[in-house]
Amino acid sequence: MGSLFRSEEMVLCQLFLPSEAVYSCLSELGELGLVQFRDLNPDMNVYQRKFVSDVRRCHEMGRKLMYLRKEINKDGIPVMDTGENPEAPQPRGMIDLEAILEELENDLREVNNNAEDLKHIFLELTELKHILKKTEVIFNEVNQQMGIAVASQTADPSWEDEQVTLLGKEGLRTGGRVRSLGFVAGVILREKVPKFETMLWRVCRGNVFLRLAEIETPLEDPLTRNPVHKSIFIIFFQGDQLKTRIHKICEGFRATLYPCPETPSQRREMAMKVTTRIEDLNTILGKTQKRRHRVLVAATKNIKNWFIKVIKMKAIYHTMNSFNFDVTQKCLIAECWVPLHDIKIIQSALHRGIKRRGSYVSHILNKINTSEDPPTYNRTNKFTSGFQNLVDAYGIASYREINPTPFTIISFPFLFAVMFGDLGHGCLMVLFAAFLVLREKSLAAKKTDNEVWNIFFAGRYIILLMGLFSMYTGFIYNDIFSKSINLFGSYWHINYNQSTVMVNKCLQLNPSLSSNYDQVPYPVGLDPVWQLALNKIVFLNAYKMKISIIIGVLHMLSGVCLSLYNYIYFKDRLSIYCDFIPQVIFLTFLFLYMVLLMFIKWISYGPQNDFPHSPACAPSILITFINMVLFKEADELKNCNTIYMFAGQGAVQKILVIVALLCVPIMLLAKPICIMRQQKDKYAQLANVHATTENGDAGAGRVVQQPSPSAGGHDENEIGELFIHQGIHTIEFVLGSISHTASYLRLWALSLAHARKSYIVISYLYHSLFIVPQFKKYFQKLF
C-alpha cells in the first residue's frame, strides 16, 4: 500500500563509497531527499570529526552572505529570485565561491569604512557650520544684554577686531578692573540639554553663563543612519578651574566641543572654509555611495543561488561527519534508512555521483537486518503537504501505522465549516484561496520572510477546502452574510387578516395545522421564514447542538475503527480483543445510543403526532442520558403518562450502562494479564526443555544452566510498565470519550457566535446604508 494511507516501508542499508566520490554522491542523494543517514560517531564531539574544517568554511561563507544581505536590505535593493535550485558546487567550485565572497566582503567593508569616516567628518563640519552661524547671533544677544555697544559703523578694521565683547582686549569692566571671560562652544543631543544645564549649574555653582540654540534640521548618525536632533551651546566662564570642570561635564554627557574663533572676521573666514569642505565631501560621498550601490547590485544577482549552494555544501559536509573510514582509509562507510520502493532510484543517483567524479571504484549498497524502529516517512505533494503538516503538529504516527491525513482532508474542513457556515464568508475564503492557488508559482518565487504570509500560503489548499465546505454548510443553514435566500419559497403560510397583522407585533403559527404549514420537509436547508421568527435562535441552538453531538460521536467512532486496521496489519489479535472491541462497545452503548435517541425523538415526536407522542411530551435527551448513567428514574412530564420513548427503554438503558462499565476493567487488566500468562507458558516450556536436557546429559557430567524468569523477554519491570501504560491508556480513553463529546459542542457554540456577530455587523451596515435610496432598493431585492 502506498504512503497515502500508510507510511512507506523503510529498510536500513549500509553504503561503501569511494572517498573521492562521496561529495558528489551525497549531492545527488540530497536532491532526491529520500535518505536519512545515521550517525556512526555518537561518542565523538563536533571538533574531533574529519570534515569539521569544511563545515567551518561553509559557516564562514554563510556569515559573509548574511552580511551582504543585511547591507542589501539597508539600501532597499530588490533581490532577484529566478526560482532556480542550483546543485551543490564541487570542492573546486567551493574555492572559487570563497574567493568571490571574500572579495565582495572586503570591497564592501572598505567602502563602508570610508563612507563612515567621511560621514563622521561631514557631521563634524556640519555641526561646526551651525556653531559658527549661531555664535554670531548669540554674541550679539549677549552684547546687548551686557550693555556693550558694538561699533559696527567704524571704518577702522583693527577697531572691529578689538571690539570683542566679553573677550579680548576690551573685556568686561567691573569695579574698575578688566576681567577677560573665556567660552566653550559645542553640540549636544537635545534630550540631554535639561540634565546638562542642571549639572553645569550645580558643579559650577552658578558661575557660568550658558546660551543654547537648537539646530532646526535633524542630523544623520553615521553609525545607525537615524536622524538625531541636537542643540548648540556656548558656555562663558572665568578661570582655568571652571574650564576644567566644564570639559569634564561635556565629556560625561558626550557633548562634542569645537574650536570657535574669538573675532567675527576669523569666524567668517572659517565658515567659508567649512562650506567649501562640505561641498567637496558631498561630491566624495556621492561617488562612494555609487560604488557601494554597484557592489550590492552585482551581489543581488546571485545571492539567492549562493545561499542555496552554501546551505547544500554545509549539509553535505555535516552528513559526511557521521560516516566512518574503512581500514584502508580509501572508502567511507555509511548507514541510512531508505524507502524500499526507491532503492533503484537511489542506486541510479549513486552511479551519477561516481560518474561525475570519474572514479573507477563503484559503490556498494547492502541491506541490514535490524530490530530498531524505522523512521516514519509519508510521501506528500503540494496538495497533501499542508494537511500532513497539520497532522504531524499533533503527533507523528508510528512506523507503518494508518496515516490519518487522507481522512483529515475531508473531516478538518467540514468541522470548520460547521462552525463557519456562511455562504458569503465562505465565498470570500474561496476567492482568496483561489488567488493563492492560481498564482502559486509566482508567489512561491518571491520567498518572503513574513511568517503570517508563509502560513497562509502553505495552507492555501486547506483554506480553499474550508471555503468550499463553508459555502455548503452556509447553503444548508440558508445563511449568506447572516441573511436568508428565498430559493424554494416558504412552506409556511400566514392566514391572518390584514387588521390582525397590523395590530399585533408578534404572531405565532401552529405547525400542526396544514393551513399554516404544508407538512412537507423543506427541499434543502432551512426555510427562509425562520429569518423573521423571534424564536430563530432557540430553534437553531437545539438543531446545531444535536448536530454537533452526532458529528462528534461518529468522528470518534471512525477514529477507533481506524485502529482496527493497524491491529490487523501488525497481526495484534490481543489488542483487537482487549482494546478495540471494549472501546467500540463503550462508545456505542453510551454515546451512540444517545445519538439514536435524538433520531427517535425527531421521528416520533412531531407536530402532527397526537398524545402521547406530541411535542409537549418529548423527554429531554440530556436529562435522559444523565438518569441513565445514574440509574435513576425520570420524572413524568405534566399531562404525560410516559417518561420513555419506546417500550422497555429503562431495562435496555440499565443493560447498556452495565456492559459499558464492565468494558473498563477489561481495557485496564485484560491485556497485561494475557501477556503475563503468555510469558509464564513460555517459561514453563523452556523449563521443560532444560529439564529434559539435564536428564539426558546427567551421566556425562554436564552442568545445565536453569532458565531465568526473564528469559521470555519480559521481566518484572517491563510487566509493571505494561500495567502503567495500559492504565494510562484506559483512563485517557474513558475520560477522553466524555470530554471529547462535550468538546464537540464547540461547533455549536462557535457557529452561534459567528452567526450573531455577522448579524450585528450586517444589521449595522444595513441601517447605515438604508438611508440611501439606491442601497435601499438593492437590499430589498437581494433579501
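Residues numbered from 1 in each chain as written. Predicted model: local features only at pLDDT ≥ 70, side-chain atom pairs only at ≥ 80, totals over all residues. Heavy atoms only, no water.

- Within an unreviewed UniProt entry, the label attached to the protein chain reads V-type proton ATPase subunit a, and the organism entered is Aphis gossypii.
- UniProt, in its Subcellular location (unreviewed entry) section for the protein chain, records the words "Membrane".
- In UniProt, the protein chain has this text filed under Function (unreviewed entry): "Essential component of the vacuolar proton pump (V-ATPase), a multimeric enzyme that catalyzes the translocation of protons across the membranes. Required for assembly and activity of the V-ATPase." (UniProt positions renumbered as here; feature names shortened; annotations may be inferred.)

**As for the overall build of the protein chain**
Then, number 1: Each helix and strand counted, the protein chain has 23 helices and 13 strands in total.
Then, number 2: Relative to its 783 residues, the protein chain shows a buried fraction of 38%.
Then, number 3: In the protein chain, the share of contacts with a sequence separation of at least 24, taken over all contacts with a separation of at least 6, comes to 78%.
Then, number 4: Element-wise, carbon and sulfur atoms account for 59% of the exposed surface of the protein chain, whose accessible area totals about 46500 Å². (Helix = DSSP H or I, 4+ residues; strand = E, 2+ residues; numbered from the N terminus. Buried < 20%, exposed > 50% of the residue type's maximum accessible area, 1.4 Å probe, protein only. Contact = heavy atoms within 4.5 Å. Areas by Shrake-Rupley, 256 points an atom, 1.4 Å probe, with all protein chains shown as cover.)

**A closer look at a nonpolar patch on the surface**
Then, number 1: Nonpolar side chains collect at one region of the surface, where Ile494, Tyr496, Val501, Met502, Val503 and Leu507 lie side by side and expose about 610 Å² of accessible area between them.
Then, number 2: By the secondary structure assignment, Val503 is in helix 16 (residues 498-503).
Then, number 3: Residue classification places Val503 among the exposed positions, given a relative accessible area of 69%. (Patch = residues over 30% accessible without salt bridge, like charges linked within 9 Å, V, L, I, M, F, W, Y side chains within 5 Å. Salt bridge = Lys/Arg side-chain N within 4 Å of Asp/Glu carboxyl O.)

**Quick word on the UniProt feature "coiled-coil region" (unreviewed entry) in the protein chain**
Then, number 1: Mapped onto this numbering, the UniProt entry annotates "coiled-coil region" (unreviewed entry) at residues 94-121.
Then, number 2: Annotation note: span residues 94-121, helix share 100%, strand share 0%, distance between end C-alpha atoms 40 Å.

**Comments concerning a positive patch on the surface**
Then, number 1: Where like charges cluster on the molecular surface, the positive patch consists of Lys287, Lys290, Arg291 and Arg294.
Then, number 2: Locating Arg291 in the fold gives a position in helix 7 (residues 264-300).
Then, number 3: Exposure remark for Arg291: the relative accessible area of 33% places this residue in the partly exposed category. (Lys, Arg positive; Asp, Glu negative; His and termini not counted. Charge placed at Lys NZ, Arg CZ, Asp CG, Glu CD.)

**Observations regarding the packing of helix 1 (residues 22-32) against helix 8 (residues 303-320)**
Then, number 1: It is at 10 Å that the axes of helix 1 and helix 8 come closest, and there the two elements cross at 115°. The way helix 1 lies across helix 8 gives a crossing that is right-handed. Along the contact surface, helix 1 presents Val22, Tyr23, Leu26, Ser27 and Glu31, while helix 8 presents Lys312, Met313, Ile316, Tyr317, Thr319 and Met320.
Then, number 2: Taken together, the residues of the contact of helix 1 with helix 8 sort by class into 7 nonpolar, 2 polar and 2 charged. (Axes fitted to C-alpha atoms, helices over the stretch in contact; angles between N-to-C directions. Left-handed = near helix turned anticlockwise from the far one by under 90°. Nonpolar A, V, L, I, M, F, W, Y, C, P; charged D, E, K, R; others polar.)

**With respect to unusual backbone geometry**
Then, number 1: One non-glycine residue with positive phi stands out, namely Asn478, at about 55°.
Then, number 2: With respect to the helices and strands, the residue Asn478 is situated in the loop between helix 15 (460-477) and helix 16.
Then, number 3: The phi dihedral of Ser482 falls on the positive side, at around 65°, and the residue is not glycine.
Then, number 4: Of note, Ser482 is situated in the loop between helix 15 and helix 16.
Then, number 5: Given a relative accessible area of 3%, Ser482 falls into the buried group.

**Comments concerning the environment of Lys133**
Then, number 1: You can see Lys133 is positioned in helix 3 (residues 91-146).
Then, number 2: By relative accessible area, which is 61% here, Lys133 ends up exposed.
Then, number 3: Residues Lys133 and Arg267, spaced 134 residues apart in sequence, show a C-alpha to C-alpha distance of 8.7 Å.

**Points about the UniProt feature "transmembrane region" (unreviewed entry) in the protein chain**
Then, number 1: The UniProt record annotates "transmembrane region" (unreviewed entry) at residues 414-438, 458-477, 547-568, 580-600 and 651-670.
Then, number 2: Strand forms 0% of residues 458-477 and helix 95%; the C-alpha atoms that close the span are 30 Å apart.

**Regarding the packing of aromatic side chains**
Then, number 1: In total, this model carries 24 aromatic pairs according to the counting rule given.
Then, number 2: Centroid distance Phe383 to Tyr461: 5.4 Å. Interplanar angle 75°. Geometry classified as edge-to-face. Of this pair, Phe383 sits in the loop between strand 13 (364-368) and helix 10 (384-394) while Tyr461 sits in helix 15, and the two are 78 residues apart along the sequence.
Then, number 3: For Phe383, a relative accessible area of 31% gives the class partly exposed.
Then, number 4: By relative accessible area, which is 11% here, Tyr461 ends up buried.
Then, number 5: Members of the aromatic cluster, each reached through a chain of ring pairs, are Trp492, Tyr517, Trp530, Phe539 and Tyr543.
Then, number 6: Its guanidinium or amino end placed over the ring of Phe457, Arg460 lies 4.4 Å from that ring's centre, counting from NZ or CZ. (Phe/Tyr/Trp six-rings, centres within 6.5 Å; stacked < 30°, edge-to-face > 60°. Lys NZ or Arg CZ within 6 Å of the ring centre and 35° of its normal.)

**Quick word on the nonpolar core**
Then, number 1: Counting 47 residues, the largest nonpolar core has Met61, Leu65, Met313, Tyr317, Met320 and Leu350 as its most contacted members.
Then, number 2: Top element by residues in this core is helix 8. It accounts for 8 residues.
Then, number 3: Apart from residues lying up to four places away in sequence, Leu350 is in contact with Leu15, Leu17, Cys25, Leu29, His363 and Leu365. (Core = buried A, V, L, I, M, F, W, Y, C linked by side-chain atoms within 4.5 Å.)

**Here we look at the pattern of salt bridges**
Then, number 1: Counted by the stated rule, this structure contains 26 salt bridges.
Then, number 2: Two residues, Lys312 and Glu31, come together in a salt bridge whose shortest N-O distance is 2.7 Å. Taken together, the residues Lys312 in helix 8 and Glu31 in helix 1 connect sequence positions 281 residues apart.
Then, number 3: Assessed through its relative accessible area of 18%, Lys312 is described here as buried.
Then, number 4: The partner of Glu214 in a salt bridge is Arg190, and the shortest N-O contact between them spans 3.9 Å.

**What about helix 19 (residues 621-629)?**
Then, number 1: Inspection of helix 19 places Ile621, Thr624, Phe625, Asn627 and Met628 among the buried residues, and these make up the whole buried set. Along the axis of helix 19, the buried positions cluster into a sector of 165°, meaning they face one direction only.
Then, number 2: One or two positions beyond helix 19, positive phi appears at Phe631, with a value near 55°. (Arc of directions from axis to C-beta.)

**Structural notes on the side chain of Glu335**
Then, number 1: Turning to its location among the elements, Glu335 is positioned in strand 12 (residues 331-339).
Then, number 2: Residue Glu335 is classed as buried on the basis of its relative accessible area, which comes to 16%.
Then, number 3: Beyond its immediate chain neighbours, meaning those up to four positions away, Glu335 contacts Cys13, Gln14, Gln36, Phe37, Arg38, Leu40 and Ile368.

**So, the sheet that holds strand 9 (residues 230-237)**
Backbone hydrogen bonds are what pair the strands of a sheet, in a parallel or an antiparallel way.
Then, number 1: Strands sit in the order 6-9-5-10 across an open sheet of 4 strands; the sheet is antiparallel. The open sheet has two free edges, formed respectively by strand 6 (209-214) and strand 10 (256-258), since each of these has just one partner strand. Strand-to-strand, the axes of this sheet are offset by a mean angle of 25°, without reference to chain direction.
Then, number 2: Lying over the sheet, helix 6 (residues 240-252) contacts strand 5 (182-189), strand 9 and strand 10, oriented at roughly 165° with respect to strand 9. (Pairing = 2+ DSSP bridges.)

**What to know about the state of the cysteines**
Then, number 1: This model, assessed by the stated rule, comprises 0 disulfides.
Then, number 2: There is no disulfide at Cys578, and the cysteine sulfur nearest it, in Cys674, is 4.4 Å away.
Then, number 3: In this structure Cys578 comes out as buried when scored by relative accessible area, which is 5%. (Disulfide = S-S within 2.5 Å.)

**Some remarks on the packing of helix 10 against helix 11 (residues 405-419)**
Then, number 1: The geometry of helix 10 relative to helix 11 is characterised by a closest axis approach of 9 Å and an angle of 90° between their N-to-C directions. In terms of their interaxial angle, helix 10 and helix 11 are classed as roughly perpendicular. Across from Thr384, Phe387, Gln388, Leu390 and Val391 in helix 10, the residues of helix 11 making contact are Thr405, Thr408, Ile409, Phe412 and Pro413.
Then, number 2: Here the residues of the contact of helix 10 with helix 11 sort into 6 nonpolar, 4 polar and no charged. (Parallel < 35°, antiparallel > 145°, perpendicular 65-115°, else oblique.)

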